[in-house]
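Secondary and tertiary structure notes
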Amino acid sequence: MSSRLARPTNDRMIGGVCAALARRFGTSATTMRVIFLLSCLLPGPQFLLYIALWILLPSEGKTRAAW
């Protein structure tokens with residue numbers, strides 16, 4: 001399991017955020033998407049968090065190598 005978050009290029013639905021989180025936590029992307037959709041039923045900034053992660057997480061092909 002990688003500790004570095006990066007949005008994958010091949011398993012994206014919209015921005016690849018759920019796929020990146022699923023990869024990080026060892027679950028399927030579909031499960032993470034369902035969890036995200038269910039969390040949107042609760043009050044909170046889930047959608048804004050998704051947008052922020054979309055902006056902040058690098059795309060898989062653009063990650064920098066660790067020194």
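Residues numbered from 1 in each chain as written. Predicted model: local features only at pLDDT ≥ 70, side-chain atom pairs only at ≥ 80, totals over all residues. Heavy atoms only, no water.

So, about the pattern of salt bridges. Overall, the coordinates contain one salt bridge when judged by the stated rule. Residue Glu60 is joined to Arg23 by a salt bridge in which the shortest nitrogen-to-oxygen separation is 2.4 Å. In this pair, Glu60 sits in the segment after helix 3 (46-56) while Arg23 sits in helix 1 (residues 17-25), placing the two residues 37 residues apart along the sequence. With relative accessibility at 32%, the residue Glu60 sits in the partly exposed group. Accessibility expressed as a relative area gives 43% for Arg23, which makes it partly exposed. (Salt bridge = Lys/Arg side-chain N within 4 Å of Asp/Glu carboxyl O. Helix = DSSP H or I, 4+ residues; strand = E, 2+ residues; numbered from the N terminus. Buried < 20%, exposed > 50% of the residue type's maximum accessible area, 1.4 Å probe, protein only.)

The next thing to look at is helix 2 (residues 29-39). For the α-helix, the turn length of 3.6 residues means that residues three or four positions removed from each other point alike. Considered for burial, the residues of helix 2 that qualify are Ala29, Met32, Arg33 and Ser39. In a view along the axis of helix 2, the buried residues occupy a sector of 125 degrees, so they form one face of it. Seen from the open side of helix 2, the exposed residues pointing more than 90 degrees away from its buried face are Thr30, Leu37 and Leu38. Contact partners of the buried residues in helix 2: helix 1 and helix 3. (Arc of directions from axis to C-beta. Contact = heavy atoms within 4.5 Å.)

Glancing now at helix 1. Listed as buried for helix 1 are Val17, Cys18, Ala19, Ala20, Leu21 and Ala22. Here the buried face of helix 1 lies against helix 2 and helix 3. Just downstream of helix 1, Gly26 is the residue with a positive phi angle, here 75 degrees.

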